[in-house]
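Descriptive structure summary
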Amino acid sequence: MSKISKRPTILMPSAEEDKAITAAARSDPDAQPLTPKQLKAMVPSRALRGRPKSENKKLLVSVRYSPEVVEYFKSTGDGWQSRMDSVLRNYVTRHSRGA
């Protein structure tokens, strides 16, 4: 190890060693290189995390409701905000038909 750095030095293989390593890897049937089609299909793992993106994006807004309205919807259990959204969407649908 270096006296300056506590990290071990990295020794790179020579060209001959690199060829031998590559040949050994290619001869292993369980470690074959990816095809261009497989490489193209790969996506970053961060793109796979979380919930899938919705086509119907919702807007984040700040709204004030009567306490009894909020208490009622909260008393219906988990998903109360989605139920509240559904009620409001139904209202909009019914009232925008005649417009």
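Section: the overall build of the protein
The number of helices and strands found in the protein is 4 helices and 0 strands. Secondary structure of the protein in N-to-C order comes out as α-α-α-α. In summary, the protein has a C-alpha radius of gyration of 30 Å against a globular reference of 13 Å for 99 residues, an excess of more than 25%. Its C-alpha atoms give the protein principal-axis dimensions of about 80 × 45 × 25 Å.

Overview of the packing of aromatic side chains
This structure, assessed with the given rule, holds 1 aromatic pair. Arranged with centres 5.2 Å apart and planes meeting at 80 degrees, the rings of Y72 and F73 form a pair that is edge-to-face. Residue class for F73 comes out buried when judged on its relative accessible area of 12%.

Overview of the confidence of the model for the protein
In this model, the protein carries a mean pLDDT of 87, and residues with pLDDT of at least 70 account for 93%. Mean pLDDT across the elements of the protein ranges from a minimum in helix α2 (residues 36–41), with 90, to a maximum in helix α3 (residues 67–75), with 96.

Brief notes about the pattern of salt bridges
Opposite charge on two side chains permits them to pair, given that their charged atoms come into close proximity. In total, this model carries 2 salt bridges according to the counting rule given. The partner of D85 in a salt bridge is K58, and the shortest N-O contact between them spans 3.7 Å. In this pair, D85 is assigned in helix α4 (residues 80–96) and K58 in the loop between α2 and α3, connecting sequence segments 27 residues apart. You can call D85 partly exposed: its relative accessible area is 26%. For K58, a relative accessible area of 61% corresponds to the exposed category. A salt bridge links R89 to D85; its shortest N-O distance comes to 2.9 Å. With R89 and D85 both in helix α4 and 4 residues apart, the pair spans about one turn of that helix. Via salt bridges that share partners, K58, D85 and R89 belong to a single interconnected network.

What counts and how
- Residues numbered from 1 in each chain as written.
- Predicted model: local features only at pLDDT ≥ 70, side-chain atom pairs only at ≥ 80, totals over all residues.
- Heavy atoms only, no water.
- Helix = DSSP H or I, 4+ residues; strand = E, 2+ residues; numbered from the N terminus.
- Rg over C-alpha atoms; globule rule 2.2 N^0.38 Å.
- Phe/Tyr/Trp six-rings, centres within 6.5 Å; stacked < 30°, edge-to-face > 60°.
- Buried < 20%, exposed > 50% of the residue type's maximum accessible area, 1.4 Å probe, protein only.
- pLDDT = per-residue confidence, 0-100.
- Salt bridge = Lys/Arg side-chain N within 4 Å of Asp/Glu carboxyl O.

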